[in-house]
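Residues per chain are reported as follows:
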Amino acid sequence: VANIRAKPDTNADTLWQVEKYHPLLVLEKKESWYRFKDFEGDVGWIHNSLVDDTPTVIVKVNRANIRTGAGTQFDLAFDADKGTPFKVLEKKDRWLKVQHSDGDTGWIFNSLVW
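Residues numbered from 1 in each chain as written. Predicted model: local features only at pLDDT ≥ 70, side-chain atom pairs only at ≥ 80, totals over all residues. Heavy atoms only, no water.

### Overview of the packing of aromatic side chains
Spelled out, the test is: A pair of Phe, Tyr and Trp rings is counted when the ring centres sit within 6.5 Å of each other, with Trp represented by its six-membered ring. The angle between the planes then sorts it: under 30 degrees is stacked, over 60 is edge-to-face, the rest tilted. Secondary structure elements follow DSSP: runs of H or I no shorter than four residues count as helices, runs of E no shorter than two count as strands, and numbering proceeds from the N terminus. Exposure categories follow from relative accessible area, calculated using a 1.4 Å probe and restricted to protein chains: below 20% of the type maximum is buried, above 50% is exposed, and the middle band is partly exposed.
Per the stated rule, a full pass over the model turns up three aromatic pairs. Consider the rings of Trp16 and Phe36, whose centres lie 6.1 Å apart with planes at 70 degrees: the pair is edge-to-face. Separated by 20 residues along the polypeptide, Trp16 in strand E2 (residues 14-18) and Phe36 in strand E4 (residues 33-37) bring together distant segments of the chain. Look at Phe36 and you get buried, because its relative accessible area is 0%. A centroid spacing of 5.3 Å and a plane angle of 70 degrees characterise the contact between Trp95 and Phe109, whose relative ring orientation is edge-to-face. One end of the pair, Trp95, is in strand E10 (residues 95-99); the other, Phe109, is in strand E11 (residues 105-109), with 14 residues separating them in the sequence. For Trp95, a relative accessible area of 12% corresponds to the buried category. The class for Phe109 is partly exposed, based on a relative accessible area of 22%.

See below:
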């Protein structure tokens, strides 16, 4: 879990926290800090030591089906709530093979994520 700050300073107020694989859109770099926007449009600061270039996505709909294969004909592996972040392992057409930080993997349709 990483703290998102109001300013680029470890003493600044914590606005919220994010878990592993939370995707960010970097807006600005200031010394060792990134100002970013998330999937809901919220803006905050995160220290660059907590960020890497792992491809990630986050569920943007209320509930998404995660399937055992790349298509609706495949069984449901599990479902994920809005705001659940994943690491992207593979792409196949408009489907993404994703992995949650707990190790669960499956396929999600790309329009369901940001």
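### Comments concerning the pattern of salt bridges
The cut-off we apply is this: By salt bridge we mean one thing: a side-chain nitrogen of Lys or Arg within 4 Å of a carboxyl oxygen of Asp or Glu.
In total, this model carries three salt bridges according to the counting rule given. Residues Glu28 and Arg35 are paired through a salt bridge, measuring 3.9 Å at the closest nitrogen-oxygen approach. With relative accessibility at 29%, the residue Arg35 sits in the partly exposed group. Residues Asp81 and Arg63 are paired through a salt bridge, measuring 2.2 Å at the closest nitrogen-oxygen approach. One end of the pair, Asp81, is in strand E8 (residues 76-81); the other, Arg63, is in strand E7 (residues 63-67), and 18 residues separate them in sequence.

### Overview of the environment of Leu112
Put simply, the test is: Residues are treated as being in contact if the distance between any of their heavy atoms lies within 4.5 Å.
If you trace the backbone, Leu112 turns up in the segment after E11. Judged by relative accessible area, Leu112 falls into the partly exposed class, the value being 23%. A sequence separation of 37 residues divides Leu112 from Asp75, and the C-alpha atoms of the two residues are 17 Å apart. Once residues within four sequence positions are removed from consideration, Leu112 is found in contact with Ile58, Val59, Lys60, Val61 and Ala64.

### What to know about the nonpolar core
Counted only if it meets this: Put simply, a nonpolar core is a bunch of buried Ala, Val, Leu, Ile, Met, Phe, Trp, Tyr and Cys residues held in one set by side-chain atoms that sit within 4.5 Å of each other.
If you look at the biggest cluster of nonpolar residues, it comprises 12 residues: Val57, Val59, Ala64, Ile66, Phe78, Ala80, Phe86, Val88, Leu96, Val98, Ile108 and Val113. Elements with a minimum of two residues in this core: E7, E8, strand E9 (85-92) and E10. Excluding residues within four positions of it along the chain, Ile108 makes contact with Val59, Ala64, Asn65, Ile66, Arg94, Trp95, Leu96, Val98 and Val113. Counting six residues, the second largest nonpolar core, distinct from the first, contains Val18, Tyr34, Phe36 and Ile46.

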